Amino acid sequence: MNDVIAVLAKSEIFRDLEETTLALVAEGARRRAGTKGEVLFKAGDARRTLFIVVEGDVAIQIQDGDATETLVVLGPGQAVGEAGLLEAGTHSADGIVARDGELLEIPLDDARTRLESDAKAAMAVMAAVGHLMVRRLQYARSRRAGWDHIYGPGETRTEHDLLGYREVPDEARYGVQTLRAVENFPITGIRIAHFPALIRALAMVKQAAARANRQMGILPEPIAAAIDTACDEILAGQWHGHFVVDVMQGGAGTSTNMNANEVIANRALEILGHPLGAYEHCHPNNHVNLSQSTNDVYPTALKLATVFEQEDLVEAIRELVDALREKAVEFQDVLKMGRTQLQDAVPMTVGQEFEAFAVTTSEDCTRLERSAQLMLEINLGGTAIGTGINADPRYQALAVEALREISGLDLVPAENLIEATADTGAFVHFSGVLKRIAVKLSKICNDLRLLSSGPRCGFGEINLPPLQPGSSIMPGKVNPVIPEVVNQVAFQVIGNDLSITMASEAGQLQLNVMEPVIGFNIFESMSMLTAAARTLTSRCIKGITVNADRCRDLVEHSIGLVTAVVPVIGYERATDVAKEAMTTGRSVREILVSAGDLTEDQVNEMLSPEAMTAPRRVTPS
């Protein structure tokens, strides 16, 4: 019992409560192992258990369409399922063990019953839960606008910078410079935490710098170790919600860099046993940013994050390719009419059409991976403009090597750091590949919309999965909503590419200050394309069916069939047959046989699917 009370007393939710109150909560609690991947609860499950993380991590996740979004990662001392202390209810998200460790498990029904017998204790617990839930809202990782409208608990601490003193929320791991950036840039409502790969990349850069500085003997061992641990926690998913600056910002990324410096410094202070904001023990600039500048940290982090994000996009595209290939096999024997310029051309199979979709889509996986290789050249160590001012001559090699080890990427230092600090050409090239992917996906979706048009008065060759009613006035109408949304994603990505191009061109002298909008548009394009590809795969391609009879009927009544007999009857006679078919409405097959141009057996052979959908040797009569 005393062991359990000791754990509760150190937890974020119960640490300020009296021991008698803790005893009411602790009765019946037990400590147990938590295994990575273990599901503690699912959204919709009844709230039966309160968990306190003793060791390891627990991720709180929601399902966002076909993807999973992590709202927050909770580490040692943090509570999971605390709302169950207020009411039974059900969970609104999933709780998953993210890293092996130990959990304190508290049955909620029993805890609520015991608290009902002590009004003072119940009020104290309710206040603690409310306080915690407000903080969770404030520092959740998910994208949301209006950060400044979330009501905090009210406690503050005083911090200062060159512009003076400000009050910072007491629970915040960020500091005064981040606070000013939040106030100065209420632009998109999208915080940098919306892109977890960027937060992880920033932590990697800071961790590599700390290790290099420690190795050179210029960063004290205890501070270096605390920074290293703080970065490890961020890499595990913790504290992302404290990266609160808007992705669109002036200052060439300085606000993002300082947000990272302050969060890491404050978490390091906690690890060292000091209060938040006690920067004399671990300073955001003097220690976390040692040997660095925004101008080498930020672009390096953007490049790492781009590489990480493209891995998800490549995986999503490959899943789409697999689905298209499955349909190509499924429809390989269904004959249909091919079209050029929206006019009848020559026959093909539906399978060939879908295989072509698969091939054109698969090509860009390789192009994307090759383009990402450009991101492996980094300017870390160049500091302000590439001259390496304020960095030890040994620093660049040590920092780059440490970053290679941490990231697992084959990073190389730029040959000319001054050039690399000013140049953003790699992002322009990479964005061009994203635009190419968007254009191809949009073209495929245009085709799907045409092929499924109807159902009675259009092409009607394939059926897309019916997902929702399509009209508020026309009963029975179902729209191709998934191809439509993918089209719109493509338009946005194409526009983002133009923004990236303009921003890259706008660089002046030794720095491109427009890198925040470059990063924002790169990440948004990848995020949207990844979601669009997965949505197209799961909610459209996999559910497509074909109307084989409709396809065959269109082939049989198409004038384009006459092309197949040109090698035998000649172009001029074929033209006459086509004209007669158009004028009379008779089929090409019927005209050829009745006019004696070909026997019925010859027509059947020449107009067979095998003859019309692949090359073959032809012997003119």
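What you are looking at is a predicted structure, and each value in this text was computed from that prediction instead of being measured.

Caption draft 1: Quick look at a negative patch on the surface. Judged by side-chain charge, Glu377, Glu415, Glu419 and Asp423 come together as a negatively charged surface patch. Here Glu419 falls in the partly exposed class, since its relative accessible area comes to 42%.

Caption draft 2: Local environment of the nonpolar core. Counting residues in each nonpolar core, the largest one holds 118 residues, and the members touching the most others are Ile227, Phe354 and Leu448. Among all residues touching Leu448, those that are not within four sequence positions of it are Phe354, Phe357, Ile462, Leu464, Pro483, Leu536, Cys540, Ile541 and Ile544. Counting residues in hydrophobic clusters, the runner-up holds 28 residues, among them Val4, Ile13, Leu85 and Ile106.

Caption draft 3: A look at the packing of aromatic side chains. All chains considered together, the criterion is met by 4 aromatic pairs. The interplanar angle of 70 degrees and the centroid separation of 5.6 Å between the aromatic rings of Phe331 and Phe354 together place this pair among those described as edge-to-face. Here the residue Phe331 occupies a position in the loop between α10 (294–330) and β9 (335–340), and Phe354 occupies one in helix α11 (residues 350–372), the gap between them amounting to 23 residues. Comparing Phe331 with Phe354 shows no difference in burial state: the two are buried.

Caption draft 4: Spotlight on the packing of helix α6 (residues 196–216) against α10. Put simply, α6 and α10 touch, their axes get as near as 8 Å, and they point 130 degrees apart. Between α6 and α10, the interaxial angle falls into the category oblique. Between α6 and α10 lies a crossing whose hand is right-handed. Along the contact surface, α6 presents Ala197, Leu198, Arg200, Ala201, Leu202, Met204, Val205 and Lys206, while α10 presents Val297, Thr300, Ala301, Leu302, Leu304, Ala305, Phe308 and Glu309. For the contact of α6 with α10, the residue count by class is 12 nonpolar, 1 polar and 3 charged.

Caption draft 5: Geometry of the packing of α10 against α11. For the pair α10 and α11, interaxial distance at closest approach is 8 Å and the crossing angle is 165 degrees. The angle between α10 and α11 places the two elements in the roughly antiparallel class. Of the two possible hands of crossing, α10 and α11 adopt the one that is left-handed. Listed contacts from α11 to Val307, Gln310, Leu313, Val314, Ile317, Arg318, Leu320, Val321, Leu324, Arg325, Lys327 and Ala328 of α10 are Gly351, Phe354, Glu355, Phe357, Ala358, Val359, Thr361, Ser362, Cys365, Leu368, Glu369 and Ala372. For the contact of α10 with α11, the class distribution of residues is 15 nonpolar, 4 polar and 5 charged.

Caption draft 6: Structural context of the side chain of Gln238. Within the element layout of this structure, Gln238 appears in the loop between α7 (221–235) and α8 (254–272). Residues in contact with Gln238, not counting those within four places in the same chain, are Asp57, Val73, Gly75, Pro76, Gln78, Arg99 and Glu233.

Caption draft 7: Molecular detail of the pairing of β9. Here β9 runs beside strand β10 (residues 343–349); their pairing, made up of 5 bridges, is antiparallel. Paired with Met337 across the bridge in β10 is Pro347. Connecting the antiparallel pair β9 and β10 is a turn made up of 2 residues, with Gln341 showing a positive phi of about 55 degrees.

Reading the values: rules and limits
Residues numbered from 1 in each chain as written. Predicted model: local features only at pLDDT ≥ 70, side-chain atom pairs only at ≥ 80, totals over all residues. Heavy atoms only, no water. Patch = residues over 30% accessible without salt bridge, like charges linked within 9 Å, V, L, I, M, F, W, Y side chains within 5 Å. Areas by Shrake-Rupley, 256 points an atom, 1.4 Å probe, with all protein chains shown as cover. Salt bridge = Lys/Arg side-chain N within 4 Å of Asp/Glu carboxyl O. Lys, Arg positive; Asp, Glu negative; His and termini not counted. Charge placed at Lys NZ, Arg CZ, Asp CG, Glu CD. Buried < 20%, exposed > 50% of the residue type's maximum accessible area, 1.4 Å probe, protein only. Core = buried A, V, L, I, M, F, W, Y, C linked by side-chain atoms within 4.5 Å. Contact = heavy atoms within 4.5 Å. Phe/Tyr/Trp six-rings, centres within 6.5 Å; stacked < 30°, edge-to-face > 60°. Helix = DSSP H or I, 4+ residues; strand = E, 2+ residues; numbered from the N terminus. Axes fitted to C-alpha atoms, helices over the stretch in contact; angles between N-to-C directions. Parallel < 35°, antiparallel > 145°, perpendicular 65-115°, else oblique. Left-handed = near helix turned anticlockwise from the far one by under 90°. Nonpolar A, V, L, I, M, F, W, Y, C, P; charged D, E, K, R; others polar. Pairing = 2+ DSSP bridges.

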